[in-house]
Amino acid sequence: MNTHQNKVVEFEDLGTRDYQSAWDYQESLMKNIIDLKIKNRDLPAEEHATTPNHFLLVEHPHVYTLGKSGHEENMLAGIDKLKEIDATFVKVNRGGDITYHGYGQIVGYPILDLENFFTDIHKYMRNLEEVIIRTIAEYGLKGERSEGETGVWLDVGKPYARKICAMGVKASRWVTLHGFALNVNTDMRYFEYIIPCGIKDKQVTSLKRELERELTPEEMEDIKEKIKKHFTEVFEAELLMK
């Protein structure tokens, strides 16, 4: 266990960034933390270096990502269709099946050394869900968890249950990678080309669809501020602007 628990999290808004570039950046941050942890192993506890934590928010151009346990048949569009809709397809090392990222969606990547917080992946996932549940509650939406299906849902247990936020993570030596994707002004037509998260009988939704209006750029920024606020509360962390 980390004897110097560091709950300071460096925050960065990457703006709009290509998926692969953001993934490479996450990987580099993760590697730095892991390298430090390996170095700490050979030192007495009082000489351990403090491991950093990061939290990135980003918007991606149209991309479909397939998790390592996912099934390619859940990608319904072929190469020609992907070109036509200006989207790319990337296989990734997170858990979960296929998902879509695109404009109007707020994607969050916490790269945390969980030994700075708690060593429990299940709790980590529930905490991420809680951040989004609290955020959308500020817009009058009741986000819920669906048994056995990660992410944040509306109207769970009803025939019209729908997912508003997808999640998929990877952890190595208690360091997290990947995260969540909250649909705000997302173009929902892009979900027609996949079986989202491999779940056939459930719908996806967005804040725009639920509120029946487009959210302004100012409101998009406001949602990010709310996510940051609830992240610090739920994880009992302190956010530091990078």
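Residue numbers run consecutively from 1 along every chain, following the written order of its sequence. In keeping with the predicted nature of the model, local features appear solely for residues at pLDDT of at least 70, side-chain atom pairs appear and are counted solely at 80 or more, and the whole-chain, interface and lining totals rest on all residues. Computation of side-chain values: all heavy atoms of the structure, hydrogens and water removed.

- The name given to the protein chain in an unreviewed UniProt entry is Octanoyltransferase, with the source organism recorded as Chryseobacterium nepalense.

**Quick look at the pairing of strand β8 (residues 149-154)**
- Counting buried positions along β8 gives 5 out of 6 residues, so the element sits mostly inside the fold.
- In the sheet, strand β7 (residues 144-146) pairs with β8 via 2 bridges, with the strands oriented antiparallel. Across the sheet, serine 146 pairs through a bridge with glutamate 149, a residue of β8.
- Strands are treated as partners if at least two bridges between them are detected by DSSP. Here a helix means four or more residues in a row that DSSP labels H or I, a strand means two or more in a row labelled E, and each is numbered from the N terminus. A loop of 2 residues connects β7 with β8, the two strands running antiparallel in sequence, and glycine 148 in this loop sits at a positive phi of about 80°.
- Where β8 and strand β9 (residues 162-172) come together, 3 bridges link them in antiparallel fashion. Its bridge partner being in β9, tryptophan 153 is matched across the sheet by lysine 163. Categorising residues by exposure relies on relative accessible area from a 1.4 Å probe, with only protein chains included: less than 20% of the type maximum marks a residue as buried, more than 50% marks it as exposed, and the intermediate range marks it as partly exposed.

**Side note on the side chain of lysine 37**
- Structurally, lysine 37 is set in helix α1 (residues 19-41).
- Among all residues touching lysine 37, those that are not within four sequence positions of it are Thr51, Asp113, Glu115, Arg173, Trp174 and Val175. Throughout, a contact is declared for two residues whenever any of their heavy atoms are within 4.5 Å.

**Section: the UniProt feature "site: Lowers pKa of active site Cys" (unreviewed entry) in the protein chain**
- Following the UniProt record, the feature "site: Lowers pKa of active site Cys" (unreviewed entry) maps to Lys163 here.
- Relative to the elements of secondary structure, lysine 163 occurs in strand β9.
- By relative accessible area, which is 5% here, lysine 163 ends up buried.
- N or O atoms within 3.5 Å of each other form a polar contact, as long as, within protein, one can give a hydrogen and the other can take it, and as long as residues adjacent in sequence are counted only when both atoms are side-chain atoms. Among the polar contacts made by the side chain of lysine 163, one reaches the main-chain carbonyl oxygen of threonine 150 at a distance of 3.4 Å. UniProt positions are given in the numbering used here, feature names are shortened, and annotations may be inferred rather than shown by experiment.

**Observations concerning the packing of helix α3 (residues 121-137) against helix α5 (residues 217-234)**
- Following both chains from N to C, one finds α3 and α5 inclined at 135°, their axes separated by 9 Å at the closest point. Relative to α5, the element α3 lies oblique. Pair α3 / α5 crosses with right-handed handedness. Between α3, through Asn127, Glu130, Val131, Arg134 and Thr135, and α5, the contact on the second element is made entirely by Ile223, Lys226, Ile227, His230, Phe231, Glu233 and Val234. Axis lines are fitted to C-alpha atoms, over the contacting stretch for helices. Their N-to-C directions set the angle, which ranges from 0 to 180 degrees. Our angle categories are set so that under 35 degrees counts as roughly parallel, over 145 as roughly antiparallel, 65 to 115 as roughly perpendicular, and the remainder as oblique. Each crossing gets its hand from how the near helix is turned against the far one by less than a right angle, where anticlockwise is left-handed and clockwise is right-handed.

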